[in-house]
Amino acid sequence: MKDRVQLARPYILRGTSRPHSHIIAVGGGKGGVGKSFLSSSLAISLARQGAKVLLCDLDFGAANVHTYLNEPIPTIGISDFLKSEDKPISDFVVGTQISNLFLLSCADDKFNGFDLDPVSKSRIMAQLYRLNFDYIVLDLSAGTHESTLDFFLLAETPIVALTPEPVSIENAYKFMKAAFYRRLKRFERQLELKTLISDLMENKERVGIKSPKDLLDAIELHADDNGQRLRDLMQTFSFHFVVNQARTHQDYQLGLSIQSVARRYFGVKSEYLGHLEYDNAVWQCLRKQTHVLLDAPQSQTYGLLFNIIR
């Protein structure tokens, strides 16, 4: 059924591998912007269109996406996978009451905030990369911790969720900037650009570097072929935006403004997927520990979500 849900795949350089599933990650610069609501909404909507979907809760220490599905805390999950030595992560996926929708959670007391070591993170990422679903939706923790950024960068469709509040907008830019530099760091040693990048950043005022795009331009100018290769690698990544709790026409247009600024500031592809209007039915359903798409299918949220994922 994947052909019924047209989420654009970014350009991947020849020779690089692709995940077995289309991975969507929902991140953001702060809590309270609706990441879990958006990720669960996307997962439910995709599953209802016939796609096989895994909703993966990666908010270590504060996982709660199961409550959006009116599901109990899973009895098995990621911490059990990490304790095992030979079992695949698929053994710790559980079903839900929603047809085609499955859940992988870290919702237990075995995680202490961001207490995830690099080896554990790599194990989880490698296993997610090999799972066979139509879509895997990652619900990420707030902020710019390295684990959060790495899971965000794993996705083919990385989504930044924000609300039309000044603090949320500012933190969204901080999150995108952190993700940009985290991705840049992946390639600087491989392309032997670490020394050059350090020198440019130490002299950024003299060189005229005022944005991440300026840095890419300067690297390309001074590094010849490897500078162009770095730009090509960075261009395989793109930001996507969803504005949540929009109330006015100005709020609806906010995503287009952020899209334009992001393209100029980062020099990478950026796409505004759409907005979700403020809807009383959402919080009323959440208080009942159910999802608006399950309890109030007549809600305007359903139609807006369909526009975002089609």
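Heads up: these notes are all about the structure in this document. (Residues numbered from 1 in each chain as written. Predicted model: local features only at pLDDT ≥ 70, side-chain atom pairs only at ≥ 80, totals over all residues. Heavy atoms only, no water.)

**What to know about the overall build of the protein chain**
Here is step 1 of the chain: Of regular secondary structure, the protein chain possesses 14 helices and 8 strands.
Here is step 2 of the chain: Counting over 310 residues, the protein chain shows a buried share of 54%.
Here is step 3 of the chain: Carbon and sulfur atoms make up 47% of the accessible area of the protein chain, which totals about 14500 Å². (Helix = DSSP H or I, 4+ residues; strand = E, 2+ residues; numbered from the N terminus. Buried < 20%, exposed > 50% of the residue type's maximum accessible area, 1.4 Å probe, protein only. Areas by Shrake-Rupley, 256 points an atom, 1.4 Å probe, with all protein chains shown as cover.)

**So, the state of the cysteines**
Here is step 1 of the chain: Under the defined criterion, the tally for this structure stands at 0 disulfides.
Here is step 2 of the chain: Cys56 takes part in no disulfide bond, and the closest cysteine sulfur to it belongs to Cys106, at a distance of 7.6 Å.
Here is step 3 of the chain: Residue Cys106 is classed as buried on the basis of its relative accessible area, which comes to 1%. (Disulfide = S-S within 2.5 Å.)

**Quick notes on the sheet that holds strand S8 (residues 269-277)**
Here is step 1 of the chain: What the 8 strands build is an open sheet, ordered S3-S4-S2-S5-S1-S6-S7-S8; its pairing is mixed. Among the strands making up the open sheet, the edge pair consists of strand S3 (94-95) and S8.
Here is step 2 of the chain: Pairing between strand S2 (residues 53-58) and strand S4 (residues 101-104): 4 bridges, direction parallel. Bridging across to S4, Leu54 finds its partner in Phe102.
Here is step 3 of the chain: Each of strand S1 (22-27), S2, S4, strand S5 (135-140), strand S6 (157-162), strand S7 (238-246) and S8 touches helix H1 (residues 35-48); the most contacted strand, S5, lies at about 170° to it. (Pairing = 2+ DSSP bridges. Contact = heavy atoms within 4.5 Å. Axes fitted to C-alpha atoms, helices over the stretch in contact; angles between N-to-C directions.)

**Remarks on the packing of helix H9 (residues 212-223) against helix H10 (residues 225-235)**
Here is step 1 of the chain: The N-to-C vectors of H9 and H10 enclose an angle of 150°; their axes lie 6 Å apart at closest approach. Considering their axes alone, H9 and H10 lie roughly antiparallel with respect to each other. On H10, the residues that touch Leu216, Asp217, Ile219, Glu220 and Ala223 of H9 are Asp225, Asn226, Gly227, Gln228, Leu230, Arg231 and Met234.
Here is step 2 of the chain: Across the contact of H9 with H10, the residue classes break down as 5 nonpolar, 3 polar and 4 charged. (Parallel < 35°, antiparallel > 145°, perpendicular 65-115°, else oblique. Nonpolar A, V, L, I, M, F, W, Y, C, P; charged D, E, K, R; others polar.)

**Considering the pattern of salt bridges**
Between side chains of opposite charge, a pair can form as their charged atoms come close.
Here is step 1 of the chain: Enumeration according to the criterion identifies 9 salt bridges in this entry.
Here is step 2 of the chain: With its nearest N and O atoms 2.5 Å apart, the salt bridge here joins Lys121 to Asp150. Taken together, the residues span a long stretch of sequence, with Lys121 in helix H4 (residues 118-130) and Asp150 in helix H5 (residues 146-154) at a distance of 29 residues. Of the two residues, Lys121 and Asp150, neither departs from the other in class, the shared state being buried.
Here is step 3 of the chain: A salt bridge links Lys174 to Glu170, with the shortest nitrogen-to-oxygen separation between them at 3.4 Å. (Salt bridge = Lys/Arg side-chain N within 4 Å of Asp/Glu carboxyl O.)

**Section: H10**
Here is step 1 of the chain: Burial in H10 covers these residues: Gly227, Leu230, Arg231, Leu233 and Met234. Buried residues of H10, seen end-on, are gathered within an arc of 160° and therefore sit on one face of the element. (Arc of directions from axis to C-beta.)

**Topic: the environment of Asp232**
Here is step 1 of the chain: With respect to the secondary-structure elements, Asp232 resides in helix H10.
Here is step 2 of the chain: Take Asp232: its relative accessible area is 33%, and that puts it in the partly exposed class.
Here is step 3 of the chain: Expressed as a C-alpha distance, the spacing of Asp232 and Val268, which sit 36 residues apart in the sequence, is 9.8 Å.

**Considering the packing of aromatic side chains**
Here is step 1 of the chain: Summed over the entire model, instances satisfying the criterion amount to 10 aromatic pairs.
Here is step 2 of the chain: Ring geometry for Phe239 versus Phe266: centroids 5.3 Å apart, planes at 55°, classification tilted. Residue Phe239 is found in strand S7, and its partner Phe266 is found in helix H11 (residues 249-266); the two are separated by 27 residues along the sequence.
Here is step 3 of the chain: Judged by relative accessible area, Phe266 falls into the buried class, the value being 0%.
Here is step 4 of the chain: Judged by centre distance (4.9 Å) and plane angle (85°), the ring pair of Tyr265 and Phe266 falls under edge-to-face.
Here is step 5 of the chain: Site record: aromatic cluster; members linked through ring pairs are Phe152, Phe175, Phe180, Tyr181, Phe237, Phe239, Tyr265 and Phe266.
Here is step 6 of the chain: Against the face of Phe81 rests Arg123, its NZ or CZ located 4.4 Å from the ring centre. (Phe/Tyr/Trp six-rings, centres within 6.5 Å; stacked < 30°, edge-to-face > 60°. Lys NZ or Arg CZ within 6 Å of the ring centre and 35° of its normal.)

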